[in-house]
Amino acid sequence: MSGMDSAMALDEVDLFGDPVIDLPTRPPLSKKLQQRLDELRSRGCSQGIAWSRQGTIASVSKDGWSLDLRFLRCHPDNGAWELSGPTPCPTVSPTPGGPICHMAWAPTSSPELAVIDAVGRITILSFSITLNRPYTVRRWDADPVDDLQAVVGCYWLPLGMAPGRQQFHVMYGPAVWMQNEYKFENSVNHAYGPWHPNMGKSALLCVTTNGSLKLLFSQNSNRIEETSLELESVTSSDDLMTHASICSDKNTLLIALATTSRQLKVVRVAVQWSTPQPADKQTPPGSMPLSPHLKEKNVAVTSWFQHGPSESSLDTSMAQLSHIEMLPSCLEGSPTSEVPPVVLTVRSHVPSDDSPFDQEHQSIIDRWEVLSDQAQTLHSAFEQLGFKNGAGPQLPTMTRLNKLESIIVPKIIVSIHSMQLGKVICFAFSDGTVQYRDRFTMNEIYNEHNLSSIMSPHQVGFQFTNDTPCLQVAFSPTNCSFVQICEDGSVKWNRMYYPMDDVNTALQGSQYNAVLAALSVAISPAAIQQTNLDDVLSIARPFTQKSDFTYLWIRTIVNMLKIPVDYSEESHHDQLVRNSHLQVCLSILNHLGFHGEFQPRSFGGKFAMLALNVRNIVILITIANNTPVNLKEKLSPLDDPEVVEALAGCAKWAVDLLSWLTDCIFNLLNQPTFLAMLGDAKRFPELSSYLQSRGDVSLHLLLCSSTRGFLSAACRRLTHLESLSNRATQFYERQVAQSLKDSDHPSASARPTPALYLAYVKMQRSSSSTLIKVQEFEKLVSSLSQEIRSNYQRSLAGLTSKGGRPQGQGSGQQGNANDHLIKKAQTHCELDMLLAGNPPPSFREALYKFFHNNVTAFRNQTNPSELYFANFSLLEVDDDSKSLAAKKARGLYIDVFKRAALISSVKPGKGSGNSANGALSEETGPQWRRCVRCAAVMEDVYGHRPGFTFVLAQQRKCSCGGNWGLLPKGSLLC
């Protein structure tokens, strides 16, 4: 045996000849995780990644001195969802205050982001237009560079409720299986202030190391101002604050403070805005300056370090806080069963290399109830003194902190997130896993399958993609996905998915119903609060392989939220246009029917795309024609050539839509198969399948009362624009004629503004169509509406005649019940047609009459051949392979704001990544915005005049409700 072989043999036995036993080794210590824990322990504000309610994901760059902005977006080639690439934030640059330590999003509809550096200097950014280009609202340049001003806790005030509304938040769920279907329960929780006096605005509160509470608020002039309050007097290093958490409770602020001396203090602060009353009635409300005051009341004090025997063997790391959360009072079950506020803290332990082997990663969750109005008792020594009449002094009630049982988790907590109106607490761990606990009992939930009562997709089999070790976590607005900062500094998106090989075989019967219910519950908060729901769409998209999934899911959402879909009796369109929940349903239908910008849409996708766009055009024309009060003295939108030109594009699109619809119904009139279905009751149920096979959505757009209402509104807006443009052009032409008549050399001021005149000429040409007469088309739609209303009255009369009571003669409860039955039946019919279903059998004779009489008469007033050869490329409805290939070859896009053609200089679909679509143009020109949900585009235009700025502000979102992402120069992909 060689010397090397002898050495190897000796390594396998000890000195006494016994074999060596391999002891298990501890997993290698993550230095990045240890550094992250040190950050969490040193200050309460150290969130390096945050997800806004509208979809922007902000993260601190790897060097800590700048911000990166990301968002979810569907790929324009195939509709698949991905995390966008990072966009550096140019408005935040390195400062003397040190690296960026914390970020916090406001709950406002136009997201505001507070960016805080190591010494508490604060910059506030506003993302009012796109997800990845902010505007600076407040700069940190004037803030002092002082370590004692470092922020240890911050909080944005909730948004105020509209006057007259009940101060409650509504939550839908659970979905309970009853009588062979899921019924959706709902619950409420108090909506507590304080809030900013101007509804829609918030205010930022910050607790500093030296015990000060700062309030940064938007003045009525939109200027950011500040006031402060000294919460604690700091006389030594033991009094310094390390962590703080703030929440709204009973219209005051509850603040939990942790100090270096291991004290836990809870204080209550009132915010008094002191808004002065206007001196006269001419002063508009909300214009007087705000002068807020903060008033403090000490509540209770204890020590947050109350260790037990399980911690005796651990190192001093357990004597350091990593998290603190102040949870407000909350309703448990009924509106009268309220549980008190709770302070929650976390202490974590990571064993070092030289720690005993039996020590493991662990976190200890401590909790204290904040019990108010607790009676005080005298010490027995004082009772022995005796009192006159045997009555002792009446002591005032007090508030105390009641320690609850600690919870030990064998993992390292890196993030705490409350959800479902504060009733569920989610813990994210360093190993990439998450855990949900009931806020009231702290028992773990959603870790088992439960199809009888569904509150989370986890209960029906959904799970997160994989478990990647991470340092920080931020949850989406729907809590169905999260982003994490991994140990290498990269940002990763982790979403739920449903494990299955084949969707058609995996989803059957009760499991299919459970998945539909779970996704409906998951999307409901975003639909109610109008926040981002894109990650739920990404989770649902794989299920579209099942042909009926999209329609069943939308039907479930409509029934759960009780969304109005029946507008057959609606004469005014205001309520229809304001129905944001209907827009959400159409947006879901639009996205799930989108398979790529150069791929044919599904039947439902094409229907929803047209419905959403005509709705958006109605809104833009209405907004531009109703000048806001504060702009009347400055500039009317209709005096701005950019506004008029945009409206001209909208008018051209709307006229094209009406002309295309006319051509489609003329084509149906020429189809013997279609006419045979209208004439034969046995074949009429085949109508919808026949139309879907042709990809013809025209009849459903006319039959469905909501889309028919949009079309009627568009007709009226077109008639108004035609009249307006005629008057405007005639006025300018008279001015020119008069100017030429009065002088051989008219001054420049006497001449009309060429740009505005040309814009009105363009509007006049767009709104006065030569293909069809808009007024006659509106009459055609009105005749169909009247026929449908009459048909409903006749066909549903049987519902009110049961029990021998003729229709119209019901009274009291019987009459109300009859009306409810009729309304329910109409809603059912309307929902069926909205979701591509067959019209009711009773519609057959009405449709037969409509096509043979009304449509035929309308055709006699038009030229069908001109319609047949017309170019409707502006509508993007031609989805045959030849048209799509030609569109792709040209690089043709439609600006959804100006409704004009945009041409990309490079053919789409080549390469990968951000360079997939190449440069937009070699010339310098405006960048493009792209909708992250439907991939629509528009030029990134700016408004320099009040009128155009006001109208452009209505296009903060795409017509589908998706947000805009600003495309990088030289790319069509974010």
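Residues numbered from 1 in each chain as written. Predicted model: local features only at pLDDT ≥ 70, side-chain atom pairs only at ≥ 80, totals over all residues. Heavy atoms only, no water.

Looking up the protein in an unreviewed UniProt entry gives the name Mediator of RNA polymerase II transcription subunit 16, with the organism given as Lasiosphaeria hispida. Of the protein, the UniProt comment under Subcellular location (unreviewed entry) reads exactly: "Nucleus". (UniProt positions renumbered as here; feature names shortened; annotations may be inferred.)

With that out of the way, let us pick up the overall build of the protein. Scanning the protein for helices and strands turns up 23 helices and 41 strands. Put simply, the protein has 974 residues, and 53% of those count as buried. Partitioning the intrachain contacts of the protein with sequence separation of at least 6 by distance along the chain shows that 65% fall at a separation of at least 24. Roughly 43900 Å² of accessible area belongs to the protein as shown, and the carbon and sulfur atoms make up 51% of that amount. (Helix = DSSP H or I, 4+ residues; strand = E, 2+ residues; numbered from the N terminus. Buried < 20%, exposed > 50% of the residue type's maximum accessible area, 1.4 Å probe, protein only. Contact = heavy atoms within 4.5 Å. Areas by Shrake-Rupley, 256 points an atom, 1.4 Å probe, with all protein chains shown as cover.)

Quick look at the confidence of the model for the protein now. This prediction gives the protein a mean pLDDT of 87; 85% of its residues lie at or above 70. For residues 1-13, every residue scores under 50 in pLDDT, and the model assigns this stretch 8 contacts once sequence neighbours within four places are set aside. (pLDDT = per-residue confidence, 0-100.)

Residue placement: Glu 39 occurs in helix α2 (residues 31-42). The spacing of Glu 39 and Ser 322 is 283 residues in sequence and 8.3 Å in space, taken between C-alpha atoms.

We now examine unusual backbone geometry. Each neighbour pair has its own omega, and for Gly 173 with Pro 174 the value is 5°, a cis peptide bond. Examined against the element boundaries, Pro 174 turns out to sit in strand β12 (residues 168-178). The omega torsion across Gly 193 and Pro 194 is 5°, close enough to zero to call that bond cis. Inspection of the secondary structure assignment puts Pro 194 in the loop between β13 (181-190) and β14 (203-208).

Bringing helix α11 (residues 641-669) into the picture now. For an α-helix the count is 3.6 residues per turn, leaving residues at separations of three or four pointing the same way. Given a rise of 1.5 Å per residue, 29 residues ought to cover 42 Å, and the 42 Å separating the end C-alpha atoms of α11 matches this to within 8%. Summarising burial for α11: 25 of the 29 residues are buried, a large majority. Residue Asp 640 occupies the N-cap position of α11, its side-chain oxygen lying 2.9 Å from the main-chain nitrogen of Glu 642. (Expected span 1.5 Å × (residues − 1). Polar contact = N/O pair within 3.5 Å; in protein donor to acceptor, adjacent residues only side chain to side chain.)

In a beta sheet, neighbouring strands pair by backbone hydrogen bonds and run either parallel or antiparallel. A sheet is described by the order of its strands in space; here 3 strands give the open sequence β13-β12-β32, paired in antiparallel fashion. Edge strands, defined here as strands with exactly one partner in the open sheet, are β13 and β32 (453-454). In this structure, β12 lies alongside β13, joined through 9 bridges in antiparallel fashion. Looking at β13, one finds that Tyr 172 is bridged to Asn 186. Contacting β12, β13 and β32, helix α5 (residues 509-529) runs over the sheet at an angle of about 175° to β12. (Pairing = 2+ DSSP bridges. Axes fitted to C-alpha atoms, helices over the stretch in contact; angles between N-to-C directions.)

So, on to the packing of aromatic side chains. According to the stated counting rule, one finds 23 aromatic pairs in the structure shown. Centroid distance Phe 462 to Phe 543: 6.0 Å. Interplanar angle 65°. Geometry classified as edge-to-face. Placement of the pair is Phe 462 in the loop between β32 and β33 (463-464) and Phe 543 in the loop between α6 (534-540) and α7 (549-561), with a sequence separation of 81 residues. Taking the relative accessible area as the measure of exposure, Phe 543 reaches 1% and is therefore buried. A ring pair is formed by Phe 464 and Phe 482, whose centres lie 4.8 Å apart and whose planes are at 65°; its orientation type is edge-to-face. Here Phe 464 is found in strand β33, whereas its partner Phe 482 is found in strand β35 (residues 481-486), with 18 residues between them in sequence. A single burial state applies to Phe 464 and to Phe 482, both of which are buried. Taking NZ or CZ as reference, Lys 403 lies 5.3 Å from the ring centre of Trp 368, over its face. The ring of Tyr 512 carries the charged tip of Lys 546 above its face, separated from the ring centre by 4.9 Å. (Phe/Tyr/Trp six-rings, centres within 6.5 Å; stacked < 30°, edge-to-face > 60°. Lys NZ or Arg CZ within 6 Å of the ring centre and 35° of its normal.)

When you line up the elements, Thr 531 lands in the loop between α5 and α6. Those residues within four positions of Thr 531 in sequence are excluded, and the remaining contacts are Arg 53, Gln 54, Pro 477, Pro 525 and Ala 526.

On to the packing of helix α17 (residues 774-795) against helix α20 (residues 843-860). At a minimum axis distance of 11 Å, the contact between α17 and α20 shows a crossing angle of 160°. When the axes of α17 and α20 are compared, the pair comes out roughly antiparallel. Note that α17 runs across α20; the crossing there is right-handed. Each of Glu 776, Phe 777, Leu 780, Ser 783, Leu 784, Glu 787, Ile 788, Asn 791 and Tyr 792 in α17 lies in contact with α20, whose residues at this interface are Phe 843, Ala 846, Lys 849, Phe 850, Asn 854, Val 855 and Phe 858. When the residues that make up the contact of α17 with α20 are grouped by side-chain class, the tally is 10 nonpolar, 3 polar and 3 charged. (Parallel < 35°, antiparallel > 145°, perpendicular 65-115°, else oblique. Left-handed = near helix turned anticlockwise from the far one by under 90°. Nonpolar A, V, L, I, M, F, W, Y, C, P; charged D, E, K, R; others polar.)

With that settled, consider the environment of Glu 225. Along the polypeptide, Glu 225 turns up in strand β16 (residues 224-230). For Glu 225, a relative accessible area of 26% gives the class partly exposed. Spatially, the C-alpha atom of Glu 225 lies 10.0 Å from that of Ala 203, the residues being 22 residues apart in sequence. Those residues within four positions of Glu 225 in sequence are excluded, and the remaining contacts are Leu 215, Leu 216, Phe 217 and Gln 219. Polar contacts involving the side chain of Glu 225 include one to the side chain of Gln 219, which spans 3.2 Å.

Scanning all chains against the criterion turns up 33 salt bridges. A salt bridge links Arg 133 to Asp 940, with the shortest nitrogen-to-oxygen separation between them at 2.6 Å. Placement of the pair is Arg 133 in the loop between β9 (122-126) and β10 (135-138) and Asp 940 in the loop between β40 (937-939) and α23 (946-953), with a sequence separation of 807 residues. Grouping residues by exposure puts Arg 133 and Asp 940 together as buried. Among the ionic pairs, Lys 403 bridges to Asp 366, the shortest N-O distance being 3.4 Å. Here Asp 366 lies in strand β25 (residues 362-374) and Lys 403 lies in strand β26 (residues 398-403), a separation of 37 residues in the sequence. In this structure Lys 403 comes out as partly exposed when scored by relative accessible area, which is 26%. (Salt bridge = Lys/Arg side-chain N within 4 Å of Asp/Glu carboxyl O.)

Turning next to the sheet that holds strand β11 (residues 151-156). Read across the open sheet, the 4 strands follow the order β11-β14-β15-β16; overall the sheet is antiparallel. Among the strands making up the open sheet, the edge pair consists of β11 and β16. Across the sheet, the mean angle from the axis of one strand to that of its neighbour is 20°, orientation sign disregarded. Both β14 and strand β15 (residues 212-218) contribute to a ladder of 5 bridges, which runs antiparallel. Counted as the bridge partner of Ala 203 is Phe 217 from β15.

What follows is about the nonpolar core. Across soluble globular proteins, nonpolar side chains have a tendency to be buried as a group. Trp 553, Trp 660 and Phe 851 are the most contacted members of the largest nonpolar core, which has 187 residues in total. Here this core gets 19 residues from one element, more than from any other, and that element is α11. Grouped together as the second largest cluster of nonpolar side chains are 23 residues, Leu 229, Leu 231, Ile 255 and Val 271 included. (Core = buried A, V, L, I, M, F, W, Y, C linked by side-chain atoms within 4.5 Å.)

Considering all chains together, one arrives at 0 disulfides under this definition. Looking at the unpaired Cys 486, the closest cysteine sulfur is the one in Cys 470, lying at 6.7 Å. (Disulfide = S-S within 2.5 Å.)

All right, on to the pairing of β15 then. Looking down a regular strand, the side chains alternate between one sheet face and the other. Most of β15 sits inside the fold, with 7 of its 7 residues counted as buried. Residues Ser 212, Lys 214, Leu 216 and Ser 218 point to one face of β15 and Leu 213, Leu 215 and Phe 217 to the other, with burial holding for every one of them. Hairpin connection of β14 to β15: 3 residues between the antiparallel strands, including Gly 211 at a positive phi of 85°. Of the pairings in the sheet, the one linking β15 to β16 comprises 7 bridges and is antiparallel in character. Among the inter-strand pairings, Lys 214 is bridged to a residue of β16, identified as Ser 228.

Take the side chain of Ser 245 next. Mapped onto the elements, Ser 245 comes out in strand β17 (residues 241-249). Of note is the side chain of Ser 245, whose polar atom sits 2.8 Å from the backbone nitrogen of Met 326.

Attention shifts here to α20. Between its first and last C-alpha atoms α20 spans 24 Å; for 18 residues at 1.5 Å apiece the expected length is 26 Å, and the two agree. Remark: the principal bend of α20, roughly 35°, maps to Phe 850. Considered for burial, the residues of α20 that qualify are Phe 843, Arg 844, Ala 846, Leu 847, Phe 850, Phe 851, Val 855 and Phe 858. (Bend = angle between axes of the 7 residues up to and from the residue.)

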